Amino acid sequence: MFDDIPQNRSFDAYQQFVLDCKLYWTRQIFPEVRKRYAAKVGTSEPETGADVAALMKDDTTAQFFGWYERHLQRMKYSGQRGLAVHYGQYREDIAKGLNATVPSHLLELDPEFEQPVYYTNIDIHQHPGGVWSDEIAGYVYERGAQSTAPMLKKHASLWDRMRAQAMQRVGKEVKRVVDLGCGFGASTLPYYAEDPEVDVVGVELSAPCLRLAAQRAAETQARNVLFKQADAMDTGLEAGTSDIVTSTMMLHEMPPSHIKGVFKESHRLLAPGGLSIHLDFLVRDDPFKEYVHYGHSARNNEPFMVPLNKMDIVQAHKDAGFDEVEIVPFEEFDGALDPSMAAWRFPWTLIIARKAA
Ligand SMILES: C[S@@+](CC[C@H](N)C(=O)[O-])C[C@H]1O[C@@H](n2cnc3c(N)ncnc32)[C@H](O)[C@@H]1O
């Protein structure tokens, strides 16, 4: 188990160093790049991220911004004190611990499960071997997530805010929630922890992540959640029984054909009047933000971020059976949407639709 892994001060110090560098990148380097862009843009009017990239091509601060982003993520995972090496030392203990302690009623793995090819082809966000191929992947992912969006650290959790949005908007009694692409369970936890009467299902491709999600649920004595190995576009769950179908940061990790399948599956799973609510990253009408976000997609091994942005999300929902779709910014921490916010942030966005009553 995670908590039995011995404290290692050098590892903690190194990971803290990477996090501090990421904060520096977020709060100091990013605003500097934006300032330099504003100075360069003059009277020309870039229309796309590619126009901005052409303008900033020879700017050394912008080049450093990109190089540093890629390498900080790499440093987090690799090298002597990187996550992969650190948890790799405890691989057998982790596997044994998870297999021995996870209660079977919280976990449904499919030994015959075949991962989609798009998923196994990429080491997503530079995670060595992806988040699925190694017993330690859940732990590596859980620890690594602490420095993905460092500005969130001091605020109410992103996942609590996401649940609050869903609960405010659902407008009907909630008996069942399905969290698609639940990872190690952070996005599922607020639902099962806040209301033991609600039946919650987390769906995920990665067995190591599901094992850790179930372990974390067991640690809270939860009895109202099941972590199930399945594809989000074909969950095998009963149609028409869910009041909320949700996902957090999953859509940008799959190709458009799959995303369309997820919207169809969301519609199939929902009870009449139920809410579909997905949180992801979308840039609209801002060439500078597009330049930064598309650059991030390339630098961080996240190739589907760009096609998600280019998709007709409204039409894809209509094709799935939904009538209306709302696409609105999401405030991941207090003040995140304030125009004076100078630091880097992901373009967090909610995609909301409702099944006809
Ligand atoms: C960025 S993580 C987010 C995890 C979690 N929702 C959270 O907020 O921490 C995206 C997750 O989606 C999962 N995923 C990707 N494609 C999927 C699919 N087709 N079906 C189910 N899960 C998928 C990945 O394995 C990964 O755990």
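The residue numbers shown here count from 1 along each chain, following its written sequence. Residues qualify for local features only when their pLDDT is at least 70, as the model is predicted, and side-chain atom pairs are given and counted only at 80 or more; totals for whole chains, interfaces and linings, by contrast, use all residues. Water and hydrogen atoms were dropped before computing side-chain values, which therefore reflect all heavy atoms in the structure.

**Student:** I'd like a rundown of the overall build of the protein chain, residues and numbers included.
**Tutor:** Helix and strand assignments follow DSSP, with helices taken as H or I runs no shorter than four residues and strands as E runs no shorter than two, numbered in order from the N terminus. When its secondary structure is counted, the protein chain shows 14 helices and 8 strands. Overall, the C-alpha framework of the protein chain stretches about 60 × 50 × 35 Å when taken along its three principal axes. Only protein chains enter the accessibility calculation, which uses a 1.4 Å probe; a residue whose area is less than 20% of its type maximum is buried, one above 50% is exposed, and one in between is partly exposed. When the 357 residues of the protein chain are sorted by exposure, 55% land in the buried category. As displayed, the protein chain offers around 16100 Å² of accessible surface, 50% of which is attributable to carbon and sulfur atoms. Across the protein chain, the centroid of the 38 positively charged side chains sits 4 Å from that of the 50 negatively charged ones. Each accessible area is a Shrake-Rupley estimate made with a 1.4 Å probe; only the visible protein chains count as cover when residues are assessed. Lys and Arg are tallied as positive, Asp and Glu as negative. Neither His nor the chain termini are counted. Where a charge lies is defined by one atom per residue type, namely NZ (Lys), CZ (Arg), CG (Asp) and CD (Glu).

**Student:** How would you sum up the site of the ligand? Please name residues and give values.
**Tutor:** Put simply, a residue is near a molecule or strand once any heavy atom of it comes within 4 Å of that molecule or strand. Tyr118, Tyr119, Tyr141, Trp159 and Glu204 are the nearest of the 20 residues found near the ligand. Each polar contact in these results corresponds to two N or O atoms within 3.5 Å; when the atoms are within protein, one needs to be able to donate a hydrogen and the other to accept it, and residues that are neighboring in sequence are counted only if both atoms are side-chain atoms. Between the ligand and the protein, one listed contact pairs a nitrogen atom with a backbone N or O atom of Gly181 at 2.8 Å. At 2.9 Å from a nitrogen atom of the ligand is found a side-chain nitrogen or oxygen belonging to Ser187. In the complex, the protein chains occlude 98% of the 610 Å² of accessible area that the ligand would expose alone.

**Student:** Now, about the environment of Met162: what can you tell me, with residues and values included?
**Tutor:** Residue position: Met162 is located in helix α8 (residues 158-170). In this view, Met162 contacts Tyr191, Thr246, Ser247, Thr248, Ile277, His278, Leu279, Phe330 and Leu350; residues no more than four positions away in its chain are not counted. Any pair of residues with heavy atoms lying within 4.5 Å of one another is described as a contacting pair.

**Student:** Give me the domain arrangement of the protein chain: which residues, what numbers.
**Tutor:** Residue ranges labeled as domains rest on an automatic or database domain assignment. Domain annotation for the protein chain reports domain 1 (2-105 + 123-147) and domain 2 (151-354). Spacing between the C-alpha centres of domain 1 and domain 2 amounts to 21 Å. Two parts lose some accessible area (1.4 Å probe) when they are put together, and adding that loss for both gives the buried area. Counting the surface lost from both domain 1 and domain 2, the interface buries some 3500 Å², and carbon and sulfur atoms represent 61% of this. Salt bridges are defined as contacts in which a side-chain nitrogen from Lys or Arg sits within 4 Å of a carboxyl oxygen from Asp or Glu. The interface formed by domain 1 and domain 2 holds 3 salt bridges in total. Counting every contact that joins domain 1 to domain 2 gives 13 residue pairs in polar contact (both at pLDDT 80 or more). Looking at the side of domain 1 that touches domain 2, the elements with two or more residues in it are α1 (9-41), α2 (49-56), α3 (60-77), α5 (91-101) and α7 (137-144). When residues in the side of domain 1 that touches domain 2 are grouped by element, the largest group, 9 residues, is from α1. Only Asp, Glu, Lys and Arg are considered charged, only Ala, Val, Leu, Ile, Met, Phe, Trp, Tyr, Cys and Pro nonpolar, and every remaining residue, Gly among them, polar. For the side of domain 1 that touches domain 2, the residue count by class is 23 nonpolar, 12 polar and 10 charged.

**Student:** Which residues make up the sheet that holds strand β1 (residues 107-108), and what values go with them?
**Tutor:** With mixed pairing, the 8 strands of this open sheet are ordered in space as β1-β4-β3-β2-β5-β6-β8-β7. Single-partner strands in this sheet number two, and they are β1 and β7 (325-329). Axis definition: a line fitted to C-alpha atoms, limited for helices to the stretch in contact. Angles are taken between N-to-C directions and run from 0 to 180 degrees. Sitting on the sheet, α8 touches β5 (242-248), β6 (270-281), β7 and β8 (348-354), and the angle it makes with β6 is about 145 degrees. Helix-sheet contacts for helix α14 (residues 313-320) involve β6, β7 and β8, and the interaxial angle to β7 is about 145 degrees. A pair of strands is treated as paired once DSSP finds two or more bridges between them.

**Student:** Can you break down α14 residue by residue, with the values?
**Tutor:** Listed as buried for α14 are Ile313, Ala316, His317 and Ala320. For α14, the buried positions fall inside an angular range of 100 degrees around the axis, keeping them on one side. Looking at the buried side of α14, the elements it contacts are α11 (256-269), β6, α13 (305-310), β7 and β8. Where α14 begins, one side-chain oxygen reaches toward the backbone nitrogen of Val314, 3.4 Å away; that side chain belongs to Asp312. Two residues or fewer past α14, Gly321 is found with a positive phi of approximately 115 degrees. Relevant arc is that of directions from the helix axis to the C-beta atoms, nothing else.

**Student:** A description of the pattern of salt bridges should follow, citing residues and the corresponding values.
**Tutor:** Within this structure, the stated rule accounts for 18 salt bridges. Across the pair Arg268 and Glu265 runs a salt bridge whose closest N-O atoms are separated by 2.9 Å. Residue Arg268 and its partner Glu265 are both found in helix α11; the two are separated by 3 residues, about one turn of the helix. Judged by its relative accessible area of 5%, Glu265 falls in the buried class. When salt bridges that share partners are traced, they join Arg36, Lys40 and Asp59 into one network.

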